[in-house]
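# Residue-level structural notes
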Amino acid sequence: MTLPMVVPAQDLPARVRIHEVGARDGLQNEKSVVPTEVKAEFVHRLAAAGLTTIEATSFVHPKWVPQLADAEALFPLLGELDGVALPVLVPNERGLDRALALGARRIAVFASATESFAKANLNRTVDESLAMFEPVVTRAKERKAHVRGYLSMCFGDPWEGAVPVHQVVRVAKALVDMGCDELSLGDTIGVATPAHVQTLLAELNEEGVPTSSIGVHFHDTYGQALSNTLAALQHGVSTVDASAGGLGGCPYAKSATGNLATEDLVWMLQGLGIDTGVDLGLLTATSVWMAGQLGRPSPSRTVRALSHQES
């Protein structure tokens, strides 16, 4: 491919690790249950495209996320993916037990920066949810597992509106202090803007949270996901969450639209001369294939452009 033309910018990371969330976050809100074999093939295709961190599933109670009720059946189908990290989401100690029993080596917990979303998503206050996660993180670390802490509603909340930066920093610091190796800052309803992103990152640094341990997770509700990603890259962030084909939303936040599409992210990073290890052609073909499985076109602009699909 001759496009995009590579024009490097100064003071950006040489390489970005894409944390692919399409197989979990991207599919969890689908109304029709996707067969386990299709999910497994999706992950295999993503790995073949060069993605090395692919969030596989969630060990949550099937009542809450029926789409991911097949976690025990799916995870063993992915065991032969050498060199690919397969994080899984666990909501509590029971979920951790299920994940560890299958050999999971990377787990994630999912916290909220706001009381309203903590109540809607976890049926607990922010502090109660942190108390619930503490033994999960402790036990996971005892088993030498890598732990990621997701933090939702970092930039805005559908019930509370703007979220004070200091409020986000408090919860983020609590996750780091309890032992999380990595922190993913979530713009769950897609309302962040670039200066807001950089301000939050700077405040986290001031509180002792290093940029090297931070990832960003943007939704594209207002078309700001790529500009916010670039702002994070300018601050030194080198881990970016994205979802193949732009799949996903949030079942507990109705104003949340799709995740940043992995293809759109890779297109931008390629133009900046930033290495991702991802084959954009294979990735696009994977998203076209999954769109066919779901019976609708991909919302990713790059997928549409490269596959010549009708919008």
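Residues numbered from 1 in each chain as written. Predicted model: local features only at pLDDT ≥ 70, side-chain atom pairs only at ≥ 80, totals over all residues. Heavy atoms only, no water.

## Quick look at the side chain of serine 300
Relative to the helices and strands, serine 300 resides in the loop between helix H11 (280-294) and helix H12 (301-307). Of the residues examined, serine 300 reaches a relative accessible area of 1% and is grouped as buried. A polar side-chain atom of serine 300 sits 2.8 Å from a polar atom in the side chain of aspartate 264. At 3.3 Å, the side chain of serine 300 and the backbone nitrogen of threonine 302 are in polar contact. Residues within four places of serine 300 in sequence aside, it is in contact with Gly245, Ala261, Glu263 and Asp264. (Helix = DSSP H or I, 4+ residues; strand = E, 2+ residues; numbered from the N terminus. Buried < 20%, exposed > 50% of the residue type's maximum accessible area, 1.4 Å probe, protein only. Polar contact = N/O pair within 3.5 Å; in protein donor to acceptor, adjacent residues only side chain to side chain. Contact = heavy atoms within 4.5 Å.)

## A word on the packing of helix H4 (residues 93-101) against helix H6 (residues 126-142)
As a packed pair, H4 and H6 sit with axes 9 Å apart at the nearest point and diverge in direction by 25°. One way to sum up the angle between H4 and H6 is to call them roughly parallel. Between H4 and H6 lies a crossing of right-handed hand. From H4, Glu93, Leu96 and Asp97 reach across to H6, where they touch Pro135, Val136, Arg139 and Ala140. (Axes fitted to C-alpha atoms, helices over the stretch in contact; angles between N-to-C directions. Parallel < 35°, antiparallel > 145°, perpendicular 65-115°, else oblique. Left-handed = near helix turned anticlockwise from the far one by under 90°.)

## Here's the deal with the environment of leucine 86
Among the secondary structure elements, leucine 86 is positioned in the loop between helix H3 (71-74) and strand S4 (88-89). Classification of leucine 86 by relative accessible area gives buried; the value is 11%. For the pair leucine 86 and arginine 170, spaced 84 residues apart in sequence, the C-alpha separation works out to 28 Å. Leaving out residues up to four positions away in the same chain, leucine 86 has contacts with Val43, Ile54, Ala56, Phe75, Leu78, Leu81 and Arg106.

## Overview of the packing of helix H8 (residues 194-206) against helix H9 (residues 225-235)
Two elements in contact, H8 and H9, have axes separated by 8 Å at closest approach and are oriented at 35°. Between H8 and H9 lies a crossing of right-handed hand. Side by side, H8 and H9 meet where Pro194, Val197, Gln198, Leu201, Ala202 and Asn205 of the first sit next to Ser227, Asn228, Ala231, Ala232, Gln234 and His235 of the second. Grouping the amino acids of the contact of H8 with H9 by side-chain chemistry returns six nonpolar, six polar and no charged. (Nonpolar A, V, L, I, M, F, W, Y, C, P; charged D, E, K, R; others polar.)

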